[in-house]
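Spelled out from the first residue to the last, the chains are:
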Amino acid sequence: MLFNSLSFIVFLVIVLGFYYSTYFTWISKKRMLLLASYVFYGLWNPPLILLLWISTVVDWTASKRIANAKDKSRRKLWLLLSLVVNLGFLGFFKYGDFVLENFVALVNSFGIAYTARPMDIILPMGISFYTFQTMSYTIDIYKRKAKPSKTFLDFALYVTFFPQLVAGPIVRAKDLITQFYKEKRATSDQFIWGVFLLTIGVFQKVVLADTLLSGVADDVFGSSELLHGVDAWTGTLAFSGQIFFDFAGYSTCAIGIALMLGITLPDNFRYPYGSIGFSDFWKRWHISLSSWLRDYLYIPLGGNRYGITRMYVALMLTMLLGGLWHGAAWTFMVWGGLHGAYLILEKLQKQYLPFQITKWNGVFLAFITFSCVNITWVFFRARSFDTAWQLLKSMFYLQPNGLKILDSFSIIKVCVVIIVLFLCHWMMRNTSLKTLSKKASPWVIGVFWAVLFLLIVIAQGSGEQFIYFQF
Amino acid sequence: MNLKKAFCIALITAVVGVVGWELYWRSQGYIPTIDDNKALWAIQRDRVDTLDTDAVVFLGSSRTLYGIQLDTWEKETGKRPVQLANVGSSPLPVFHDIVANTNYSGTVVVGVAPGLFFSTTYPKAQPWAWPQARVDHHKNRTYVQRLNHQLSLPLQQHLALMSAGEEALDDNIDLKTLLKQIKVGNRIPEGMPPFYKFGRMTTLDRNLQMTDRTVTDTAFAHTITKVWEFIGKTSPAPDKAATMAFFLKDVKAFKARGGHLILMRCPSTYGVRAGENFMLPRQDYWDDLVEQSDVMAYHFEDYPQFKDLKCPEWSHLSAEDAHFFTAELAKLMLADKAIINPQTN
């Protein structure tokens, strides 16, 4: 179910009706939330709920055994089982075809004529998110960083909680399960703020991502011609805006909906396009994934504990696998690799060419960071290396003889949106919407809110899927 | 900041804004319409799985949609048909879907608009991709997509502001289309002339009628003919060999299981007819198709009662003429025993 759909409005009203009904106990309300979460997921493809159930049961059993076992090898065995099941699901459903394709290519490169029928596996929506979430729970129990959930119901709800089930934020057990122990009710201010966040999230998705930016990005990345430099840059900028508004929009909706239930989810984006440098960027972009990768991949790989070379290797491996997490294609690996290279270069700069960041050079450095991030988006969005390479050629050789496919208004529209986006992120980088809203008059917030709502109505979104659902 | 006050201000402003937006577009002549989208089509396609052998299913392009009026057909034949034609589309992917994915062995009437029927079998070409997307949607639609469609229908039927359609027409009033109307400079060559909505779905089972404005406002009708001229000039050459081969294979399979196929050619006039005569002459295309298919066929030029029918925008019948055409065609088919009236037989 999509947040930007009519069915979700009906669904949410029913859930809120039951949730705030005085007839039910907290346990009944949690059961209702769990059931609602399965309905939320199952209305897309009912049989795939089975995967959620298996993941839930396996991690519940494994974590209990790990918590109770005293023998280290038994604890390790149960952890291994959880990892094998979760990564097995992920590997089969997400990377099955990719592995097969590459195997065939490898065999063919040795001159062996072999073809394989594609497996055409359905990618279960949000599998990358919920497997990472359940794995973090079991690993934290294994490392004794978290206590096991008190009841199976709390754990199942943690795995399946509908606001963040299919596209995050990836929440740690200690941040969410504990909230289920005591009855939650949103205060009226929390509830209204939740509705406001939901409106902002849907606005980001429907108006900014789908209406203003996606068409230009689709045209440019869908073109097979060598494009004019302006078109290539405009398409890339459009995609950088689209992916931010699409994904941040989903996270904002998720946080808002959870808040309407009195449950707090962590921020997933903190004005990333105002970042100064790439380590700053990854503290602001998809925070729940980058912190997951840091805690469960980068640090176990050695982190910065074994010297500089090992640290760079760990960093690069983390970013490459982070790229692969986004999609089963080499282009995603290159995207991750570029970010890894940026991070390494930044560390080298800090070591050998340190300089003070002032308010004067800050905006320039943020602009440089944003521009470099844009280059990586080319690999993220392009469906093949040919397309990516063609676009990069257009962007950097500027190709005055390249094909012009965008009209002037589309270019102006994208540039205005992206300039406003960049400046907003720069100005908001050290504050938050909540802080800003506290200073604003209710009239300003009210009228702003109404304008967002009206634009959503006028945009009449076609219920397009969020980009991150495919990850 | 007082959030409750902000919420109340937002609520009142939003309600006033939405009502104002609705009233504004109604004052501009917009009325609520049902969008002929893939979800609406899929509901009709779903019916084919359970149809009796005395049922009639219409396939084709927009001429079949405009030309066949379901109420009139039902009145004449005693049975309401299923309308599966699609605007700007080849009927081949839908016929293939019926042959390959159903056991239906009743009557299928395929409307032949030569420019679309013989256009292509290339999956990414618009006349093929558009209907194929609908076939795929029917096959893959989720429960939530079905629910969304059912929930959107009352809004479409009661709000003029819900005008965004699956077809990207230039008089849609969604934000994307409104922004598209802003022209700055001429960086890229002009594409297709503005294309406006000239028909309206009148029932949920996809009965399409030409609007009165298209019939009475010749300047408006001229905007549509300019689009046909543009399409005529820019369309690639027909691919008769591939389309015929694809279709005839399905015809053979459909007939083998007892299915009854009828070919139908709805009227086109003036410039469009002239263009068709030039690019896709009847004897080379229609006559050859009928001969090779070896099925009953009805061409509007073969019947005196259709001689005086004129298409206001050269390609489709007005609502009034469509009722006449449907009634006369049904009578002809009944007389030929091409179809039967279950109430009188």
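Not measured: the values here are computed from a predicted model. Counting starts from 1 at the beginning of each chain's written sequence and moves along it residue by residue. Following the order in which they are written, the chains are lettered starting with A and the ligands numbered starting with 1. In view of the model being predicted, local features appear only for residues whose pLDDT reaches at least 70, and side-chain atom pairs are presented and counted only at 80 or more, with totals across whole chains, interfaces and linings using the full set of residues. With hydrogens and water stripped out, all remaining heavy atoms of the structure feed into the side-chain values.

1. Re the overall build of chain B
Under the convention used in this document: Numbering of helices and strands runs from the N terminus, with a helix taken as a DSSP run of H or I at least four residues long and a strand as a DSSP run of E at least two residues long. Computation of the radius of gyration draws on C-alpha atoms, with the globule rule given as 2.2 Å multiplied by the number of residues to the power 0.38. Buried means the residue's accessible area, taken with a 1.4 Å probe over protein chains only, is under 20% of the maximum for its type, while exposed means over 50%, and partly exposed covers the values in between. Contacts: residue pairs with any heavy atoms within 4.5 Å of one another. For the accessible areas, the method is Shrake-Rupley and the probe is 1.4 Å, while residue cover comes only from the protein chains on display. Here Asp and Glu are counted as negative and Lys and Arg as positive; His is not counted, and neither are the chain ends. Every charge is mapped onto a representative atom, which is NZ of Lys, CZ of Arg, CG of Asp or CD of Glu.
Of regular secondary structure, chain B possesses 15 helices and 7 strands. In summary, chain B has a C-alpha radius of gyration of 22 Å against a globular reference of 20 Å for 345 residues, a match within 12%. By principal-axis analysis of the C-alpha atoms, chain B measures approximately 75 × 45 × 35 Å. For chain B, the proportion of its 345 residues judged to be buried stands at 50%. Long-range pairs, those at least 24 residues apart, make up 80% of the contacts in chain B with a sequence separation of at least 6. Taken as a whole, chain B presents about 15800 Å² of accessible surface, with 56% of it coming from carbon and sulfur. Of the charged side chains in chain B, 37 are positive and 38 negative, and the gap between their average positions amounts to 6 Å.

2. Describing a positive patch on the surface
Residue and element names in this part refer to chain A. Convention followed: A patch consists of residues exposed above 30% relative accessible area that lack any salt bridge, with like charges linked at up to 9 Å and nonpolar side chains (Val, Leu, Ile, Met, Phe, Trp, Tyr) linked at up to 5 Å. Any Lys or Arg side-chain nitrogen found within 4 Å of a carboxyl oxygen on Asp or Glu counts as a salt bridge.
On the surface, Lys143, Lys145, Arg305 and Arg310 cluster together into a positively charged patch. As for its position among the elements, Arg310 is in helix H12 (residues 308-326). The exposure class of Arg310 is partly exposed, given its relative accessible area of 40%.

3. Overview of the side chain of A:Ser410
Residue and element names in this part refer to chain A. Definition in use: Pairs of N or O atoms are called polar contacts if they sit within 3.5 Å, as long as, within protein, a hydrogen donor faces a hydrogen acceptor (for residues adjacent in sequence, only side-chain-to-side-chain pairs).
Structurally, the position occupied by Ser410 is in helix H16 (residues 408-428). At 2.8 Å, the side chain of Ser410 forms a polar contact with the side chain of Asp407. When neighbours within four sequence positions are excluded, Ser410 is seen to be in contact with Val216 and Thr234.

4. Considering the pattern of salt bridges
Following the criterion strictly, the structure yields 35 salt bridges over all chains and no others. Among the salt bridges present, the one from A:Asp267 reaches A:Arg270, with a minimum N-O distance of 3.7 Å. For the salt bridge of B:Arg26 with B:Glu22, the shortest nitrogen-to-oxygen distance reads 2.6 Å. Of this pair, B:Arg26 and B:Glu22 are both found in helix H1 (residues 3-27), 4 residues apart, which corresponds to roughly one turn of the helix. Look at the salt bridges and you will find they share partners, linking B:Arg63, B:Arg265, B:Arg273, B:Glu276, B:Arg282, B:Asp287, B:Glu301 and B:Asp302 into a network.

5. Overview of unusual backbone geometry
Residues and elements named next belong to chain A. One non-glycine residue, His286, lies in the positive phi region at around 40°. Following the sequence through the fold, His286 ends up in the loop between helix H10 (278-282) and helix H11 (287-298). Looking at His286, the relative accessible area reads 0%, which means it is buried.

6. Digging into the sheet that holds strand E7 (residues 296-299) of chain B
Residue and element names in this part refer to chain B. To keep things clear, this is the line we draw: A pair of strands is considered paired only if DSSP assigns at least 2 bridges between the two. For helices, the axis comes from a line fit to the C-alpha atoms of the stretch in contact; other axes are also lines fit to C-alpha atoms, and the angle between any two N-to-C directions lies between 0 and 180 degrees.
Spatially, E2-E1-E3-E6-E7 is the arrangement adopted by the 5 strands of the open sheet, whose pairing is parallel. Only two strands of the sheet have a single partner each, and these edge strands are strand E2 (82-83) and E7. Relative to E7, strand E6 (residues 260-265) runs parallel, the two sharing 4 bridges. For Arg265, the partnering residue across the bridge sits in E7 and is His299. Along the sheet, helix H14 (residues 286-293) makes contact with E6 and E7, crossing E6 at roughly 170°.

7. Things to note about the nonpolar core
All names here are of chain A. Threshold: Nonpolar cores are built from buried Ala, Val, Leu, Ile, Met, Phe, Trp, Tyr and Cys residues. Side-chain atoms within 4.5 Å join them into one set. Bear in mind that the domain bounds are from an automatic or database domain assignment.
Counting residues in each nonpolar core, the largest one holds 166 residues, and the members touching the most others are Tyr41, Phe161, Phe162 and Tyr273. Take this core: its biggest share by element is 19 residues, from helix H8 (residues 188-222). For this core, the two domains that each supply at least three residues are domain 1 (21-184) and domain 2 (190-470). When residues no more than four places from it in sequence are discounted, the contact partners of Tyr41 are Leu48, Ile49, Leu52, Pro124, Met125, Tyr130, Leu165 and Val166.

8. Observations regarding the interface of chain B and chain A
We count it as follows: Reported buried area values correspond to the accessible surface (1.4 Å probe) lost by two parts on association, with both partners' losses combined. Polar here means any residue outside two lists: the nonpolar Ala, Val, Leu, Ile, Met, Phe, Trp, Tyr, Cys and Pro, and the charged Asp, Glu, Lys and Arg; Gly therefore counts as polar.
At the junction of the two partners, chain B supplies 36 residues and chain A supplies 47 residues. In total, chain B and chain A occlude about 3600 Å² of area from one another, counting both sides; carbon and sulfur atoms represent 75% of this. Counting the contacts that link chain B with chain A gives 1 salt bridge. The salt bridge involving A:Asp231 is made with B:Arg187; its shortest N-O contact spans 2.5 Å. On the surface where chain B and chain A come into contact, there are 10 residue pairs in polar contact (both at pLDDT 80 or more). At the level of elements, H1, helix H8 (143-158) and helix H9 (175-180) of chain B are the ones that each hand at least two residues to the side of chain B that touches chain A. If you tally residues by element for the side of chain B that touches chain A, the top one is H1(B), at 12 residues. Residue classes in the side of chain B that touches chain A are distributed as 24 nonpolar, 7 polar and 5 charged.

9. Details of the confidence of the model for chain B
In regions of low pLDDT, the predicted coordinates are not meant to be interpreted in detail. Stated formally: Confidence of the predictor in every single residue is expressed as pLDDT, which spans 0 to 100.
Averaged over chain B, the pLDDT score is 93; the fraction of residues at 70 or greater is 98%. Complex prediction metrics read pTM 0.91 and ipTM 0.89.

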